[in-house]
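Single-letter residue listing:
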Amino acid sequence: MGKDAKDSYLVGLIGSGIGPSLSPALHEREADRQGLRYLYRLIDIDALGVPPQAVGDLVRAARDLGFDGLNITHPCKQLVIEHLDALAPQAEALGAVNTVVFEDGRAVGHNTDVTGFAASFARGLPDVPLERVVQLGAGGAGAAVAHAMLTLGAGRVTVVDALGDRAGDLAASLNRHFGAGRAVGATPDALATLIGRADGLVHATPTGMAAHPGLPLPAELLHPGLWVAEVVYRPLETELLRTARAIGCAALDGGGMAVFQAADAFRLFTGREPDSTRMLADIAELAGAVGTPR
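Everything numeric here is computed off the predicted structure, so don't read it as measured data. (Residues numbered from 1 in each chain as written. Predicted model: local features only at pLDDT ≥ 70, side-chain atom pairs only at ≥ 80, totals over all residues. Heavy atoms only, no water.)

Asks: Which residues make up helix 7 (residues 164-178), and what values go with them?
Replies: Residues that lie three or four places apart on an α-helix share one face, since the helix turns once every 3.6 residues. For helix 7, with 15 residues, the first-to-last C-alpha span of 21 Å sits near the 21 Å given by 1.5 Å per residue. Along helix 7, the positions that sit buried rather than exposed are Ala167, Leu170, Ala171, Leu174 and Asn175. Axial view of helix 7: buried residues confined to an arc of 140°, hence all on one face. Turned more than 90 degrees away from the buried face of helix 7 sit Asp165, Asp169 and Arg176, all of them exposed. Residues of helix 7 that are buried sit in contact with helix 6 (140-151), strand 8 (156-160) and strand 9 (183-186). In the segment just after helix 7, Gly179 is the residue with positive phi, at about 115°. (Helix = DSSP H or I, 4+ residues; strand = E, 2+ residues; numbered from the N terminus. Expected span 1.5 Å × (residues − 1). Buried < 20%, exposed > 50% of the residue type's maximum accessible area, 1.4 Å probe, protein only. Arc of directions from axis to C-beta. Contact = heavy atoms within 4.5 Å.)

Listed below in structure tokens is the structure:
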């Protein structure tokens, strides 16, 4: 039976501390509108009392239990790869998987974080300059966002991370994929100089989340000529976005990335086309009004 012939789906999310995730509601609401029976289960490794390395066992169990697919989040996006049968090109290039589709008994890994951020950015900040982009954070989300920015045509992305080796490793990986000189690693002590010359700032660290409040950089480094794009979406209005908008920066919240990566995963799971406009309205209701660039 082809995917488009089914009307019942069982999917899940594997990760740590995922109780507040909006993924179940985003997926199930869209499925309801399409007349599908769609159950989205949370598989929280903390609640199960198992380490991140157990992700392989959880993926195998889900496949054996008849799941159609899984989303994968922190801290399992890299660890899951060795337990999969195949990788889509984007996931392979990134070295991270956030979506696993079970097809004919095989587990195939995808990454919809890249496409999700790219779609959100193109929609929310369509005409901003991209010659010099500074990105805070070189973790799993950072890798996806940096790939998206270079795919969108950024001239150079400078990846800043407190762990200098991590920033350098990500930059090296990006240069292998996109060409020499497209990315460079840096540490926070260079931020003042970098931001002063930058067209835009992408934030991809946990700072600003409900559990990690605050600003990821000194407020005085922001300037009105800078656009700011956020990955955090709980809350949608982070302190960084509030501060940036107050001085006149064009700004984009993380809600769009959350929606578009979920829409791409929904498409992979079901073979059906989601309505991302309706899903943006959902996240506005679920997490507070989605900010618009201004």
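Asks: How would you explain the nonpolar core if you had to name every residue and give the values?
Replies: Ranked by size, the top nonpolar core spans 33 residues in total, and within it Phe117, Phe121, Met149, Val202, Trp227 and Ala229 carry the most contacts. Those elements that provide at least two residues to this core are helix 5 (112-124), helix 6, strand 8, helix 7 and strand 11 (227-230). With 7 residues, the single largest contributor to this core is helix 6. Those residues within four positions of Phe117 in sequence are excluded, and the remaining contacts are Val145, Ala148, Met149, Val202, Ala229, Val231 and Met257. (Core = buried A, V, L, I, M, F, W, Y, C linked by side-chain atoms within 4.5 Å.)

Asks: Residue-level account of the pairing of strand 6 (residues 106-110), with values.
Replies: Most of strand 6 sits inside the fold, with 4 of its 5 residues counted as buried. One ladder, built from 2 bridges, connects strand 4 (residues 86-87) with strand 6; its direction is parallel. Across the sheet, the residue bridging to Leu87 is Gly109, located in strand 6. Bridge count for strand 5 (residues 99-103) against strand 6 is 5 bridges, and the pairing is antiparallel. Bridge pairing in strand 6 places Val101 opposite Val108. Counting the residues that bridge the hairpin from strand 5 to strand 6 gives 2 residues, and of these Asp104 lies at a positive phi of roughly 50°. (Pairing = 2+ DSSP bridges.)

Asks: Explain unusual backbone geometry to me, and be specific about the residues and the numbers.
Replies: In the segment running from His74 into Pro75, the intervening peptide bond is cis, with an omega of 5°. With respect to the helices, strands and loops of the structure, Pro75 is situated in the loop between strand 3 (69-72) and strand 4. At the junction of Arg234 and Pro235, the peptide bond is cis and its omega measures out at 5° in the coordinates. Within the fold, Pro235 resides in the loop between strand 11 and helix 9 (239-246). Phi at Asp104 takes a positive value of approximately 50°, unusual for a residue other than glycine. Among the secondary structure elements, Asp104 is positioned in the loop between strand 5 and strand 6. Residue Asp104 is classed as exposed on the basis of its relative accessible area of 82%.

Asks: Please give an account of the packing of aromatic side chains that cites residues and values.
Replies: The full count for this structure, using the stated rule, is 4 aromatic pairs. On the basis of an interplanar angle of 25° and a centroid distance of 5.5 Å, the ring pair of Tyr38 and Phe266 is categorised as stacked. One end of the pair, Tyr38, is in strand 2 (residues 37-44); the other, Phe266, is in helix 10 (residues 255-270), with 228 residues separating them in the sequence. Exposure class is identical for Tyr38 and Phe266. Each is buried. Plain terms: the ring middles of Phe117 and Phe121 are 5.9 Å apart, the flat faces sit at 35° to each other, and that makes the pair tilted. Residue Phe117 and its partner Phe121 are both found in helix 5; the two are separated by 4 residues, about one turn of the helix. A relative accessible area of 1% means that Phe117 is categorised as buried. By the ring-pair criterion, three or more aromatic residues cluster together here, those being Tyr9, Tyr38 and Phe266. (Phe/Tyr/Trp six-rings, centres within 6.5 Å; stacked < 30°, edge-to-face > 60°.)

Asks: Which residues make up the sheet that holds strand 6, and what values do they have?
Replies: On the basis of which strands lie adjacent, the open sheet formed by 6 strands has the order 2-1-3-5-6-4 and mixed pairing. Every other strand in the sheet has two partners, leaving strand 2 and strand 4 as the edge strands with one partner each. Examined bridge by bridge, strand 1 (residues 8-15) and strand 2 share 8 bridges and lie parallel to one another. When the sheet's bridge partners are listed, Leu10 is paired in strand 2 with Leu39. Contacting strand 1, strand 2, strand 3, strand 5 and strand 6, helix 10 runs over the sheet at an angle of about 10° to strand 5. (Axes fitted to C-alpha atoms, helices over the stretch in contact; angles between N-to-C directions.)

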